[in-house]
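The lines below spell out each chain.
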Amino acid sequence: MNSAPSTQPSINESQQAPVVLKQPQSGKIKPPEKKPLTFGQKVADKMATKVGSWAFLIGQSTILTGWVGLNLMPGVPHWDESPFILLNLVFSFASAYTAPVVLMSQNRQSEEDRESANHNYQVTLQAAQNLELLHEKLDAQYAKKLDELIVLIKQQQQASNEVKVVFVPTQQMNEFEHRSHKIATMSILNPHSNKQAS
């Protein structure tokens, strides 16, 4: 009588080994610290805000129009006749001091934007690492469940093979019992026939 092998199905040891997952580089990323502004930085920000507005542009255009108009109007004392050398000097001084102050404010804003962009990059990188870690955990769980399912299927196949092997002697036993029953029946009938003959 053939019997199915009783050894358990072997599983790939590399799949059962614990999966080493890489951890994110840092636990919590701190936002960039806001440093207190100095007096010069405050003045630069206020001046940049005023210069870069429609109010400053309209006021400057009004002063320029009034200056040129009064110096060209006849009958009015002219303090800066054409070609308006004094006006050019005033605008040169204003531009010489306004441009560096505005640039200082823009440089400070650019530095803050750079730090904020770096912080956002670190946060995005950490989120990507956490997402990759989650995918690896899900893949490890999926591989583990798949191995368990394969083992269960093989065990069920092995159990069904053992059941088929057990069914063969059961049928033979039924045939043997049927024959023995017929022999016993014939032995019971034979004494009755002998008594009738006597």
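Before any of the text, the structure's been laid out above.
In what follows, the accompanying structure is described. In this text the structure is predicted, and so the values were computed from the model without any measurement.

## Quick word on the overall build of the protein
Point 1. Of the regular secondary structure elements, the protein holds 4 helices and 0 strands.
Point 2. Ordered by position from N to C terminus, the α and β elements of the protein give α-α-α-α.
Point 3. Burial status across the protein gives 9% buried among its 198 residues.
Point 4. A separation of at least 24 residues holds for 69% of the contacts in the protein among residues at least 6 apart in sequence.

## Observations regarding the side chain of Asp45
Point 1. Tracing the backbone through its elements, the reader meets Asp45 in helix α2 (residues 39-51).
Point 2. On the basis of relative accessibility, which here comes to 15%, the residue Asp45 falls in the buried class.
Point 3. Engagement of the side chain of Asp45 in a polar contact is seen with the side chain of Arg108, the distance being 2.3 Å.
Point 4. Not counting residues within four places of it along the chain, the set of residues in contact with Asp45 comprises Leu37, Ser105, Arg108 and Gln109.

## What about a nonpolar patch on the surface?
Point 1. A cluster of nonpolar residues, Leu70, Met73, Trp79, Leu86, Leu89, Val90, Phe93 and Tyr97, forms a patch on the protein surface that exposes about 790 Å² of accessible area.
Point 2. The element contributing the most residues to the nonpolar patch is helix α4 (residues 85-197), with 5 residues.
Point 3. Structurally, Phe93 is set in helix α4.

## Section: the packing of aromatic side chains
Point 1. Scanning all chains against the criterion turns up 1 aromatic pair.
Point 2. Judged by centre distance (5.6 Å) and plane angle (75°), the ring pair of Trp67 and Trp79 falls under edge-to-face. Of the two residues, Trp67 is situated in helix α3 (residues 54-72) and Trp79 in the loop between α3 and α4; the sequence distance between them amounts to 12 residues.
Point 3. Residue classification places Trp67 among the buried residues on the basis of a relative accessible area of 16%.
Point 4. Residue Trp79 is classed as partly exposed on the basis of its relative accessible area of 44%.

## Side note on the pattern of salt bridges
Point 1. If you walk through the whole model with that rule in mind, you get 3 salt bridges.
Point 2. For Arg108, the salt bridge goes to Asp45, with nearest N and O atoms at 2.3 Å. Here the residue Arg108 occupies a position in helix α4, and Asp45 occupies one in helix α2, the gap between them amounting to 63 residues.
Point 3. Note that Arg114 is salt-bridged to Glu111, the shortest N-O span being 2.4 Å. Linking Arg114 with Glu111, this pair stays in helix α4, spanning 3 residues, or about one helical turn.
Point 4. Relative accessible area serves as the criterion here: at 39%, Glu111 is assigned to the partly exposed category.
Point 5. A single salt-bridge network, built from bridges that share partners, covers Asp45, Arg108 and Glu112.

## Brief notes about the environment of Ser160
Point 1. Following the sequence through the fold, Ser160 ends up in helix α4.
Point 2. A polar contact of 2.6 Å, which involves the side chain of Ser160, links it to the backbone oxygen of Gln157.

## A look at the environment of Ser82
Point 1. For Ser82, the position within the fold is in the loop between α3 and α4.
Point 2. According to the relative accessible area criterion, Ser82 is exposed, its value standing at 53%.
Point 3. Spatially, the C-alpha atom of Ser82 lies 7.8 Å from that of Leu72, the residues being 10 residues apart in sequence.

## Quick word on unusual backbone geometry
Point 1. Omega for the bond connecting Ser82 with Pro83 falls within 30 degrees of zero, at 15°, which places this linkage in the cis form.
Point 2. Following the sequence through the fold, Pro83 ends up in the loop between α3 and α4.
Point 3. Unlike most non-glycine residues, Phe84 shows phi in positive territory, near 55°.
Point 4. In this fold, Phe84 is placed in the loop between α3 and α4.

Definitions and cut-offs
- Residues numbered from 1 in each chain as written.
- Predicted model: local features only at pLDDT ≥ 70, side-chain atom pairs only at ≥ 80, totals over all residues.
- Heavy atoms only, no water.
- Helix = DSSP H or I, 4+ residues; strand = E, 2+ residues; numbered from the N terminus.
- Buried < 20%, exposed > 50% of the residue type's maximum accessible area, 1.4 Å probe, protein only.
- Contact = heavy atoms within 4.5 Å.
- Polar contact = N/O pair within 3.5 Å; in protein donor to acceptor, adjacent residues only side chain to side chain.
- Patch = residues over 30% accessible without salt bridge, like charges linked within 9 Å, V, L, I, M, F, W, Y side chains within 5 Å.
- Areas by Shrake-Rupley, 256 points an atom, 1.4 Å probe, with all protein chains shown as cover.
- Salt bridge = Lys/Arg side-chain N within 4 Å of Asp/Glu carboxyl O.
- Phe/Tyr/Trp six-rings, centres within 6.5 Å; stacked < 30°, edge-to-face > 60°.

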